[in-house]
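Residue-level structural notes
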Amino acid sequence: MFGAVCGLLVALLALSLLSWTTVDGSGPATDTVAGRAGDEGDDKPGQGAPVEDTPSGHRGLPGTTVPDRPVGRTALVSNPLYDTGRLSPLPCPVPELEVESAESMDGFLHRVADCLDDAWRTQFERAGIPFTPPERVFWDEPGVSPCRAYPSAAGAFYCSASGAVYIGTSDVVEKWNGSEESVVYASLLAHEYAHHVQGESGLLEYYHEQRRLEPDDAGRNSWTRRSELQANCLAGAFLGSVRVSYPLGAEDLSALLDDASATADREDGPEEERTHGSSDNSVRWTRTGWDEQSPGACNTWDVDDEDLVG
């Protein structure tokens, strides 16, 4: 009996050792919560996992679909951005602007750009279109962009090749004759930013394709005017949406509309220079944006009356 018991104990001990050796010999036991957390570190879900470029050029997490931007004529006249309603009135208190100080202008422009980023990111989310804010180059020394060198005669421009807004912190003050109305500089930035909005919405690609097909200046300029007037309207929509927290009052609106008139085409200018629309139209579209605060009110491409975009 004693021998049988000893034999049974020896057999059980051997089986236990065999089982332990099998687990240990397979390497570290990582199939536990603690083990997986240790292997993956502090990555959030999706981080570190392989991602693929979508046709839009944006990256999405595995198992998710990132929508493409609209293309062709649809992007122009029936863009989903037009159906997103009024811009959200996100708070945008801006700092006091000292126009003679390049540092003050730089801080002011960055604050307004932050507000533009927030406003348009929200709008693009509603539209289901991917959106990346533009880069910012607020220069105080000469430089070169992929589109042109700067300083430039305009004092500000948008370059689609780099996806960036360029503004000279001192140049624009000189160009605007030292105006101390901060809204004119905010409007300038919002206008150039609006060209980025056009690009991110898929609109600019079709616009450039069709504009290149025009055989003369008159045809090409008719496309350019619609683009510039839409940018005026989109800038007005943004400024109208933040006018409470900015704050902007009746005098600011008057300065904004005066500026829209001053930057329009000259009434007696030659056809090859008519690229921004008449004074009346520049004011009309800017005011429409201010009042309606909606991208849908800025559809200059689906307007039958040519007088409104001339």
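Definitions and cut-offs
- All residue numbers here refer to positions counted from 1 along the written sequence of the relevant chain.
- Only residues with pLDDT of at least 70 are given local features in this predicted model, and only at 80 or more are side-chain atom pairs given and counted; all residues enter the totals for whole chains, interfaces and linings.
- Processing note: side-chain calculations cover all non-hydrogen atoms of the structure and skip hydrogens and water entirely.
- Residues enter a nonpolar core if they are buried and are Ala, Val, Leu, Ile, Met, Phe, Trp, Tyr or Cys, with the set joined through side-chain atoms within 4.5 Å.
- Summary of the burial criterion: residues with accessible area below 20% of their type's maximum are buried, those above 50% are exposed, and those between are partly exposed, where the area comes from a 1.4 Å probe applied to protein chains only.
- Secondary structure counts use DSSP, requiring at least four H or I residues in a row for a helix and at least two E residues in a row for a strand, with both numbered from the N terminus.
- By the convention used here, residues are in contact when the closest approach between their heavy atoms is within 4.5 Å.
- Between any two strands, pairing holds if DSSP finds at least two bridges.
- Simply put, an axis is a line fit to the C-alpha atoms, just over the touching stretch for a helix, and the angle between two N-to-C directions goes from 0 to 180 degrees.
- Disulfides are defined as pairs of cysteine sulfur atoms found within 2.5 Å of each other.
- Geometry of aromatic contacts follows a simple scheme: Phe, Tyr and Trp rings, the Trp one being its six-membered ring, pair when their centres are within 6.5 Å, and the pair is stacked under 30 degrees between planes, edge-to-face over 60, tilted otherwise.
- Criterion for a charge above a ring: Arg CZ or Lys NZ at most 6 Å from the ring centre, at most 35 degrees from the ring normal.
- One fewer than the residue count of a helix, multiplied by 1.5 Å, yields its expected span.

1. Observations concerning the nonpolar core
A general tendency of soluble globular proteins is for nonpolar side chains to be buried together. Judged by nonpolar contacts, the single largest core of 57 residues is most densely connected at F108, W120, V172, Y185, L189 and F238. Contributing elements (two or more residues each) for this core: helix 4 (102-127), strand 6 (156-159), strand 7 (164-168), helix 5 (171-175), helix 6 (182-200), helix 8 (217-241), helix 9 (250-262) and helix 10 (279-292). Examining the composition of this core, we find that 11 residues originate from one element, helix 4, more than from any other. Residues contacting F238, with those up to four places away along its chain left out, are L87, V112, C115, L116, A119 and A190. Within the second largest apolar cluster, 9 residues are counted, among which are Y82, Y206, W223 and W301.

2. Looking at the sheet that holds strand 7
Taken in spatial order, the 3 strands line up as 3-7-6 in an open sheet, and their pairing is mixed. Strands at the two margins of the open sheet, each flanked by one partner only, are strand 3 (135-139) and strand 6. The sheet shows a mean angle of 15° between the axes of neighbouring strands, taken without regard to direction. Where strand 6 meets strand 7, 4 bridges bridge the pair, whose relative direction is antiparallel. For C159, the partnering residue across the bridge sits in strand 7 and is A164. The sheet contacts of helix 4 involve strand 3 and strand 7, and relative to strand 3 the element is tilted by about 165°.

3. Things to note about the state of the cysteines
Within the structure shown, the criterion is met by 3 disulfides. Regarding the disulfides, the protein chain carries the connectivity 1-2, 3-4, 5-6 under sequence-order numbering of its bonded cysteines.

4. Notes on the pairing of strand 6
Along strand 6, one buried face is formed by A156 and Y158 and the opposite face, lined by F157 and C159, is buried too. Between strand 6 and strand 7, which pair antiparallel in sequence order, lie 4 residues; one of them, G163, sits at a positive phi of approximately 60°.

5. Things to note about the environment of R220
Inspection of the secondary structure assignment puts R220 in helix 8. Separated by 10 residues in sequence, R220 and Q210 have C-alpha atoms that sit 8.6 Å apart.

6. Points about the packing of aromatic side chains
The tally for this structure, following the rule as stated, stands at 9 aromatic pairs. Between the aromatic rings of W223 and W301, the centroid separation amounts to 5.9 Å while the plane-to-plane angle is 40°, which identifies the pairing as tilted. With W223 in helix 8 and W301 in the segment after helix 10, this residue pair connects regions lying 78 residues apart in the sequence. Of the aromatic side chains, those joined through ring pairs into one cluster are W139, Y150, F157 and Y166. The ring of F157 carries R148 above its face, with NZ or CZ at 4.6 Å from the centroid.

7. Here's the deal with helix 4
Across its 26 residues, helix 4 extends 37 Å between first and last C-alpha, which sits within 8% of the 38 Å expected from 1.5 Å per residue. Positive backbone phi, approximately 75°, marks G128, located one or two places after helix 4.

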